[in-house]
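Structural overview
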Amino acid sequence: MKVKTLSAMTEKGLEKKVNAFLDENHQLEILDIKFSNGSSYAALVIYRASFVVGCC
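Residues numbered from 1 in each chain as written. Predicted model: local features only at pLDDT ≥ 70, side-chain atom pairs only at ≥ 80, totals over all residues. Heavy atoms only, no water.

1. Focus: the sheet that holds strand β1 (residues 2-8)
One open sheet holds the three strands; their spatial order is β1-β3-β2, and the pairing between them is antiparallel. Across the chains shown, the open sheet's two edge strands, defined by having one partner strand only, are β1 and β2 (28-37). Taken over all neighbouring pairs, the strand axes of this sheet differ in orientation by 20° on average, direction set aside. Judged from the seven bridges that link them, β1 and strand β3 (residues 41-49) form a sheet pairing that is antiparallel. By the bridge assignment for β3, V3 is matched with I46. (Pairing = 2+ DSSP bridges. Helix = DSSP H or I, 4+ residues; strand = E, 2+ residues; numbered from the N terminus. Axes fitted to C-alpha atoms, helices over the stretch in contact; angles between N-to-C directions.)

2. A word on the pattern of salt bridges
For side chains bearing opposite charge, pairing can occur when the charged atoms are close. Counted under the stated rule, the structure contains two salt bridges. Measuring nitrogen to oxygen at the nearest pair gives 3.3 Å for the salt bridge that ties E29 to R48. Of this pair, E29 sits in strand β2 while R48 is found in strand β3, placing the two residues 19 residues apart along the sequence. Residue classification places R48 among the partly exposed positions, given a relative accessible area of 39%. (Salt bridge = Lys/Arg side-chain N within 4 Å of Asp/Glu carboxyl O. Buried < 20%, exposed > 50% of the residue type's maximum accessible area, 1.4 Å probe, protein only.)

Written as structure tokens, this is what we have:
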């Protein structure tokens with residue numbers, strides 16, 4: 001299991017970063033995403049790398 005932390009000053013900015021991370025890493029198995037806000041917005045993406053046997 002691994003994690004990726006993303007942060008932004010606005011909710012919209014965080015949304016863009018999370019979506020970009022998911023688009024760029026479509027092979028990952030996303031286990032959970034935790035959100036928090038305070039003076040900025042943050043997300044913790046919890047994932048597991050998925051390996052395809054016989055690929056590449």
